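# Residue-level structure breakdown
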Amino acid sequence: MRLFLPVLFFIFSLSYGYEDFVQYEKGYYYVVITKGSFKNVNSKLLEEIRIQGWDVIHTINVDKTTKMKSPYKTHLLCKAKYLKEGVKKFRPIGVIIPCKMAIFVEGNKIKIMVEDVSEYADIYAPEDQEFKKFMLKVRDELIGILNRTAGRFMKSRYTPYE
């Protein structure tokens, strides 16, 4: 029993401890940034998306479309390598692409969100373990973009090992 609890905690932390700043809620992952202007955070987000090999194929200006007073954008993302791989694994992948990442002001904070694309594997091809594994890889990379963007504005909650 002594060994059971630490092992259980370790397994749980691997399963749910995605990244330093990332949180999860109702089918999406998000980060909350408390420092920096919307323009600066959005700029760093776009830079991080490009650094990770993704393309922003379109940006929806939600704020302008809905005449909101605070900034709100949804970036539609694609990674050609993943699209090519995805079509081979699941031909109807076109109904679930592109990936979406939203950034908006909420009070005095900036929130960046990405949908949990891994859920699509359970919806569209629950028996296909290869497609599920592929979608987990895509999800983890998108979560990484969130985390690295937040890391540009906030200090890590974890103490690095020396």
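Values in this document were obtained by computation on a predicted structure and should not be read as measured data.

## Describing the overall build of the protein chain
Per the secondary structure count, the protein chain includes six helices and six strands. Secondary structure elements in the protein chain, listed N-terminal to C-terminal, are α-β-β-α-β-α-β-α-β-β-α-α. Taking all 162 residues of the protein chain together, the buried fraction comes to 40%. For the protein chain, restricting intrachain contacts to residue pairs at least 6 apart in sequence, the fraction spanning at least 24 positions comes to 66%.

## Describing the packing of helix H4 (residues 80-89) against helix H6 (residues 129-151)
At their nearest, the axes of H4 and H6 sit 10 Å apart, and the two run at 160 degrees to each other. Taken as axis vectors, H4 and H6 run roughly antiparallel relative to one another. Considering how the two elements wind past one another, H4 and H6 form a crossing that is left-handed. Where H4 approaches H6, its residues Tyr 82, Glu 85, Gly 86 and Lys 89 are matched on the opposing element by Glu 130, Phe 131, Phe 134, Lys 137, Val 138 and Glu 141.

## Focus: the pattern of salt bridges
Applying the stated rule across the entire model yields 11 salt bridges. Its salt-bridge partner being Lys 79, residue Glu 141 comes within 2.4 Å of it at the nearest N-O pair. Of this pair, Glu 141 sits in helix H6 while Lys 79 is found in the loop between strand S4 (72-78) and H4, placing the two residues 62 residues apart along the sequence. Taking relative accessible area as the criterion, Glu 141 reaches 15% and is therefore assigned buried. Note that Glu 85 and Lys 137 form a salt bridge whose closest N and O atoms lie 3.2 Å from each other. Of this pair, Glu 85 sits in helix H4 while Lys 137 sits in helix H6; the two residues are 52 residues apart in sequence, bridging distant segments of the chain. What makes Glu 85 partly exposed here is its relative accessible area of 23%. Within this structure, Glu 47, Glu 48, Arg 148 and Arg 152 form a network of salt bridges that share partners.

## Overview of the side chain of Lys 111
Tracing the chain through its elements places Lys 111 in strand S6 (residues 109-115). By relative accessible area, Lys 111 is classed as buried at 10%. In contact with Lys 111, not counting residues within four places along its chain, are Tyr 28, Tyr 30, Val 31, Val 32, Ala 102, Ile 103, Phe 104 and Glu 106.

The rules behind the values
- Residues numbered from 1 in each chain as written.
- Predicted model: local features only at pLDDT ≥ 70, side-chain atom pairs only at ≥ 80, totals over all residues.
- Heavy atoms only, no water.
- Helix = DSSP H or I, 4+ residues; strand = E, 2+ residues; numbered from the N terminus.
- Buried < 20%, exposed > 50% of the residue type's maximum accessible area, 1.4 Å probe, protein only.
- Contact = heavy atoms within 4.5 Å.
- Axes fitted to C-alpha atoms, helices over the stretch in contact; angles between N-to-C directions.
- Parallel < 35°, antiparallel > 145°, perpendicular 65-115°, else oblique.
- Left-handed = near helix turned anticlockwise from the far one by under 90°.
- Salt bridge = Lys/Arg side-chain N within 4 Å of Asp/Glu carboxyl O.

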